[in-house]
Amino acid sequence: MNTLVRCCGLLLVLLTSLFFVKYALDNWSLIAGSLIYADTLPSVLAGLFCYLNAFLISAIAWHLLLRAVGASPRLPEVLTALLLSQFAKYLPGNVGQHISRAVLAHKMGLTNASIAVTMVLEILLVILAAGGTGLLALWLNNSLLLSNLPQLATPGKIALLCLLALALPAGLWLAKSFGLKRLAARFGITSVSLPRPPCLLACYLLYSVNFLIMGLILYLLMAAFGGGPETDFWLLTGVFSLAWIAGFITPGAPAGIGLREAVLVATLDPLYGSAMALSLAMALRLITTLGDGLGFLIGMALRQWLKRNPRRVIN
């Protein structure tokens with residue numbers, strides 16, 4: 001069954017990648033015009049800076065989770081493991097980054113129990129943050145399938161945002177209390193305490209900020225490509241969040257390649273046109289790929305710094 005699921009995921013990645021390549025070739029003249037003549041370098045550099053900051057935010061969230069389960073690593077150690085492991089997400093299977101980070105965390109001195117529990121919670125929280133941020137962003141944009149929902153004044157929207165932000169981590173904590181604890185015990189994981197709602201809420205909000213950052217990157221790119229006043233930050237944030245979920249949950253999609261671009265193009269093409277949709281998808285992939293490579297180099301530098309400044313991690 002696992003082999004079948006993986007094969008289906010790889011087939012889906014192949015089909016969506018072929019769709020993206022065909023779409024790009026059919027509209028290459030439009031793409032070249034956007035990429036060559038637009039003054040994109042400042043926006044690409046700004047997007048790259050924002051993307052690197054997203055690594056730091058993710059590291060802070062993982063650091064909070066680790067401390068909540070009783071581990072005490074330094075933030076630079078956590079950031080190093082995160083930066084070095086991200087490049088492995090381009091391996092087939094879409095699990096390389098998780099395995100690589102687990103190995104690096106084990107070398108830091110963290111226990112298998114703390115690694116397993118925090119990484120499972122992180123995946124759940126990131127998916128929740130992507131879904132929550134994406135749906136709220138589309139609603140704030142008054143667009144797509146959410147356009148028929150009742151519209152509230154700004155204070156009402158802020159109140160609903162706060163309520164949802166509190167409800168999701170609280171619901172996860174309840175599910176954890178009744179299910180995750182028993183599941184962990186089955187695998188012999190009884191040596192760690194589980195995070196409480198305030199910690200889960202803080203991590204959920206941090207991961208939500210990351211999706212807002214990705215929306216900002218798309219917004220900056222669209223401005224560089226000559227996007228008009230119809231450009232909407234909330235729409236771009238919502239579309240990216242849902243495209244990220246599609247790429248993340250698809251088995252065998254390395255770094256969401258192909259599927260994420262297909263979702264972005266299919267969604268943005270009717271709104272902004274073929275040239276803009278393809279230019280955004282390709283420029284975003286360029287920024288994330290460059291960011292992962294630069295992050296790896298920063299991680300190597302941090303690793304050398306940590307070797308010169310060692311400290312034993314206590315679990």
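Scoring rules and cut-offs
- Residues numbered from 1 in each chain as written.
- Predicted model: local features only at pLDDT ≥ 70, side-chain atom pairs only at ≥ 80, totals over all residues.
- Heavy atoms only, no water.
- Helix = DSSP H or I, 4+ residues; strand = E, 2+ residues; numbered from the N terminus.
- Buried < 20%, exposed > 50% of the residue type's maximum accessible area, 1.4 Å probe, protein only.
- Contact = heavy atoms within 4.5 Å.
- Phe/Tyr/Trp six-rings, centres within 6.5 Å; stacked < 30°, edge-to-face > 60°.
- Lys NZ or Arg CZ within 6 Å of the ring centre and 35° of its normal.
- pLDDT = per-residue confidence, 0-100.
- Axes fitted to C-alpha atoms, helices over the stretch in contact; angles between N-to-C directions.
- Left-handed = near helix turned anticlockwise from the far one by under 90°.
- Nonpolar A, V, L, I, M, F, W, Y, C, P; charged D, E, K, R; others polar.
- Salt bridge = Lys/Arg side-chain N within 4 Å of Asp/Glu carboxyl O.

**Here's the deal with the overall build of the chain**
Now for step 1: In terms of regular secondary structure, the chain is built from eleven helices and zero strands.
Now for step 2: Listing the helices and strands of the chain from first to last along the sequence gives α-α-α-α-α-α-α-α-α-α-α.
Now for step 3: Looking at the chain as a whole, 49% of its 315 residues are labelled buried.

**Digging into the environment of S279**
Now for step 1: Examined against the element boundaries, S279 turns out to sit in helix α11 (residues 274-308).
Now for step 2: The exposure class of S279 is buried, given its relative accessible area of 0%.
Now for step 3: Sequence separation of S279 and V265 is 14 residues, and the distance between their C-alpha atoms is 9.2 Å.

**A closer look at the side chain of Q86**
Now for step 1: Position of Q86 relative to the elements: it lies in helix α4 (residues 75-86).
Now for step 2: Excluding residues that lie within four positions of it along the chain, Q86 makes contacts with F55, Q97 and D292.

**Some points on the packing of aromatic side chains**
Now for step 1: Counted by the stated rule, this structure contains four aromatic pairs.
Now for step 2: An angle of 70 degrees between the planes, with centres 5.1 Å apart, marks the rings of Y51 and F55 as edge-to-face. Here Y51 pairs with F55, and both are found in helix α3 (residues 41-68), just four residues apart, close to one helical turn. As far as burial versus exposure is concerned, Y51 and F55 are alike and both buried.
Now for step 3: Each ring, one from F211 and one from W244, has its centre 5.2 Å from the other, and the planes form 75 degrees; the classification is edge-to-face. Here W244 lies in helix α9 (residues 233-249) and F211 lies in helix α8 (residues 197-224), a separation of 33 residues in the sequence. Each member of the pair, F211 together with W244, is buried.
Now for step 4: Among the aromatic side chains, those forming a connected cluster through ring pairs are F211, F240 and W244.
Now for step 5: Its end group placed over the ring of W62, R101 keeps NZ or CZ at 4.6 Å from the ring centre.

**Focus: the confidence of the model for the chain**
Now for step 1: In the predicted model, the chain carries a mean pLDDT of 74, and 63% of its residues have values of at least 70.
Now for step 2: Ranking the helices and strands of the chain by mean pLDDT puts α3 first, with 91, and helix α2 (residues 28-37) last, with 52.
Now for step 3: Counted against residues more than four places away or in other chains, residues 144-152, with its pLDDT under 50, gives 15 contacts.

**Considerations on the packing of helix α6 (residues 112-140) against α9**
Now for step 1: Orientation of α6 relative to α9, taken along the N-to-C sense of each, is 145 degrees, at an axis distance of 7 Å. The crossing of α6 and α9 is left-handed. Together, I123, V126, I127, A130, G131, T133, G134, A137, L138 and L140 of α6 and W234, L235, T237, G238, V239, S241, L242, W244, I245 and F248 of α9 make up the contact between the two elements.
Now for step 2: Taken together, the residues that form the contact of α6 with α9 break down as 14 nonpolar, six polar and no charged.

**Observations regarding the pattern of salt bridges**
Now for step 1: For the structure shown, the criterion picks out two salt bridges.
Now for step 2: Between E77 and R74 there is a salt bridge whose closest N-O contact spans 3.7 Å. The same class applies to E77 and to R74, which are both buried.

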